[in-house]
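A look at the structure
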Amino acid sequence: MNLKKLGNAVAKTAQAVTLTDAQMAAYVKESVDWMDKNNPVLPEDNPYTVRLRKLTEGITDADGIPLNFKVYHVIDINAFACPDGSVRVFSSLMDIMDDDELMGIIGHEIGHVLKHHSKKAFRTALLTDALKDGVSSTGGVAAALSDSQLGDLGASLVNSKFSQSQEKEADDCGYDFLVKNGRNPWGMVMAFEKLSQLEQKSGAKMSYIQKMFSSHPETKDRIKRMSQRATKDGYQRPEVKAAE
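The structure presented is a predicted model; accordingly, all values stated were derived computationally and were not measured.

Right, let's talk about the overall build of the protein chain for a bit. From N to C terminus, the protein chain includes eleven helices and seven strands. Counting over 244 residues, the protein chain shows a buried share of 45%. A sequence separation of at least 24 residues applies to 69% of the contacts in the protein chain between residues at least 6 apart. Summing over all exposed atoms, the protein chain offers an accessible surface of approximately 12700 Å²; the carbon and sulfur share of this is 53%.

So, on to the packing of aromatic side chains. Following the criterion strictly, the structure yields three aromatic pairs and no others. Here the aromatic rings of Tyr72 and Phe90 are separated by 5.7 Å at their centres, their planes lie at 35 degrees, and the arrangement is tilted. Here Tyr72, found in strand E3 (residues 68-72), pairs with Phe90, found in strand E5 (residues 86-90); they are 18 residues apart in sequence, far enough to count as distant. Taken individually, Tyr72 and Phe90 each receive the classification buried, so the pair is uniform in this respect. The rings of Tyr72, Phe80 and Phe90 are connected pair by pair, giving a single aromatic cluster.

Core analysis: the largest hydrophobic core is formed by 36 residues, its most contacted members being Phe69, Val87, Val89, Leu93, Leu102, Ile106 and Ile110. Tallying contributions element by element places helix H9 (residues 186-202) first for this core, with seven residues. If we ignore the near neighbours within four places in the chain, the residues touching Val89 are Leu52, Lys70, Val71, Tyr72, Asn78, Ala79, Met94, Leu102 and Ile106. Formed by 18 residues, the second largest nonpolar core is a distinct cluster that contains Val32, Leu145, Leu150 and Leu153.

Most of E5 sits inside the fold, with five of its five residues counted as buried. Alternating positions in E5 separate into two faces, Ser86, Arg88 and Phe90 on one and Val87 and Val89 on the other, with burial throughout. Sheet topology note: the E3/E5 ladder contains five bridges and is parallel. The partner of Tyr72 across the bridge, within E5, is Phe90. Here strand E4 (residues 79-81) runs beside E5; their pairing, made up of three bridges, is antiparallel. Bridged to Phe80 within E5 is Arg88.

Let us now look at the environment of Asp100. Take Asp100: it is sitting in helix H5 (residues 99-114). Sequence separation of Asp100 and Met188 is 88 residues, and the distance between their C-alpha atoms is 7.2 Å. Excluding residues within four positions of it along the chain, Asp100 makes contact with Leu178, Arg183, Asn184, Gly187 and Met188.

About the thresholds
Residues numbered from 1 in each chain as written. Predicted model: local features only at pLDDT ≥ 70, side-chain atom pairs only at ≥ 80, totals over all residues. Heavy atoms only, no water. Helix = DSSP H or I, 4+ residues; strand = E, 2+ residues; numbered from the N terminus. Buried < 20%, exposed > 50% of the residue type's maximum accessible area, 1.4 Å probe, protein only. Contact = heavy atoms within 4.5 Å. Areas by Shrake-Rupley, 256 points an atom, 1.4 Å probe, with all protein chains shown as cover. Phe/Tyr/Trp six-rings, centres within 6.5 Å; stacked < 30°, edge-to-face > 60°. Core = buried A, V, L, I, M, F, W, Y, C linked by side-chain atoms within 4.5 Å. Pairing = 2+ DSSP bridges.

Next up, the structure:
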């Protein structure tokens with residue numbers, strides 16, 4: 001056994017565990033910048049971006065965390081929010097959601113930021129075997145990461161899976177987010193129903209559905225709970241528009 005190598009690995013892990021908030025923020029920013037550089041970000045005059053800007057107008061922060069929104073023009077159905085408040089919405093998700101439904105998904109993702117779920121998941125990613133060699137600090141300065149490590153971190157942000165209790169917390173935050181911004185909270189319920197139906201209809205194993213709904217019985221319970229809350233609060237469920 002190489003005791004020196006083992007000792008170095010333990011030291012690096014210890015350093016990662018004690019990362020400061022400033023170091024964490026630096027890693028998050030580096031990862032988000034890498035993702036924005038390596039994904040097709042739609043320009044401001046694109047209809048997808050125009051729609052997102054209109055929907056999120058005036059929504060600048062989440063409990064003091066500054067928010068920024070961008071659209072990735074990709075075929076995957078997904079959305080995610082990072083610990084620094086960077087929210088990324090995929091164009092294919094926007095294609096299948098109406099405005100209230102889309103805002104429900106965005107609110108849910110922001111809920112993970114508000115409850116620090118995203119931060120905890122990101123810290124865990126920094127401690128994985130694939131990344132810990134690049135996670136160390138010298139003189140209080142976080143070490144630079146390679147493109148490969150940044151890619152792994154980016155994937156961890158996009159595909160973070162949360163516990164059932166964390167998902168419920170994010171559901172409640174998403175509900176409150178919709179109400180606060182003048183939206184019908186039934187939008188989140190209908191978005192969840194739409195994603196669940198889409199999976200059942202196509203048999204698709206879409207990453208976003210797998211990420212958000214790790215347990216089918218739990219999915220039904222979450223939808224039921226949000227429906228009961230909206231009904232109790234006196235919100236009318238919108239009628240589904242007939243296809244033209």
